[in-house]
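Coordinate analysis (summary)
The chain contents come next:
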Amino acid sequence: MPQTLHHGDLPQGLFAGAASVAVDSETMGLRVGRDPLCLVQLRAVEGDAHLVQLSRPAYDAPNLKALLTDPAVLKIFHFGRFDIAMFQYALGVVTAPVYCTKIASRLARTYTDRHGLKDVTRELLGVEMSKAQQSSDWGAAQLSPEQLDYAACDVLNLHALKSRLDEMLVREGRTALAQACFDFLPHRAALDVAGWEDVDIFAHG
Ligand code: MN
């Protein structure tokens, strides 16, 4: 997978003119507030994956932050709730507008409970993904070629998945509901950061 590694921030204007960018991130763990954000991976609809190794704890990355908050660029995630919460906590930005292939999958693929990126990619695109580097040390100063390749692969198929899932959402009459969920997602992430992570505030009782 062709990839370019950047230190600290994206080069200015790298995604100029892009209507959408696939985004993923790697962290030291799954707990927002405890586990630092280490790497952000981005890819336009075609071309190389761009990996930004962030400099902690300053996170001085103005070009990356501008892209994440650019109202003209749709950010496509798989389980964006986590990445968006991490970005809010570490970078201090509210990522928007967003699309989440996991939410789309949950709304469109009601015949299964397998909504992980690996499962959805296998079924909809016939592509097998490796998750071997998922639990590696993303805080290392020097990331291994295997880590960089794994990180790049996580943003490789998101545009194609979105296309397939959008077709399914239309077929099932759930496009508007999905859009409403995507619009709410940054707020769901804000609730996570604010301490309502394990609470469904819509639940009765
Ligand atoms: Mn990933």
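Residues numbered from 1 in each chain as written. Predicted model: local features only at pLDDT ≥ 70, side-chain atom pairs only at ≥ 80, totals over all residues. Heavy atoms only, no water.

Attention now goes to the packing of helix α2 (residues 80-91) against helix α7 (residues 175-196). Relative orientation of the contacting elements α2 and α7 amounts to 60°, with a least axis distance of 8 Å. The orientation of α2 relative to α7 falls into the category oblique. The chirality of how α2 crosses α7 is right-handed. From α2, G80, R81, I84, A85, Q88 and Y89 reach across to α7, where they touch L185, P186, R188, A189, A190, D192 and V193. Tallied by class, the residues present in the contact of α2 with α7 amount to eight nonpolar, two polar and three charged. (Axes fitted to C-alpha atoms, helices over the stretch in contact; angles between N-to-C directions. Helix = DSSP H or I, 4+ residues; strand = E, 2+ residues; numbered from the N terminus. Parallel < 35°, antiparallel > 145°, perpendicular 65-115°, else oblique. Left-handed = near helix turned anticlockwise from the far one by under 90°. Contact = heavy atoms within 4.5 Å. Nonpolar A, V, L, I, M, F, W, Y, C, P; charged D, E, K, R; others polar.)

For the rest of this paragraph, the subject is helix α4 (residues 117-125). For α4, the complete set of buried residues consists of L117, D119, V120, T121 and L124. Of the surrounding elements, those touching the buried residues of α4 are α3 (101-108) and α6 (158-171). Within two residues after α4, G126 carries a phi angle of roughly 65°, on the positive side. (Buried < 20%, exposed > 50% of the residue type's maximum accessible area, 1.4 Å probe, protein only.)

Attention now moves to helix α1 (residues 62-69). Burial in α1 covers these residues: L64, L67 and L68. All buried residues of α1 fall inside an arc of 100° around its axis, so they share one side. Looking at the buried positions of α1, the neighbouring elements they touch are β2 (20-27), β3 (37-43), β5 (74-77) and α2. (Arc of directions from axis to C-beta.)

What follows is about unusual backbone geometry. With an omega dihedral of -5°, the bond running from R56 to P57 counts as a cis peptide bond. Counting through the fold element by element, P57 comes out in the loop between β4 (49-53) and α1. In this structure, the amide linkage connecting A96 to the following residue, P97, adopts the cis form with an omega of -10°. Despite not being glycine, Y59 has its phi angle at roughly 50°, a positive value. When you line up the elements, Y59 lands in the loop between β4 and α1. For F79, which is not glycine, the phi torsion reads 55° and is therefore positive. Locating F79 in the fold gives a position in the loop between β5 and α2.

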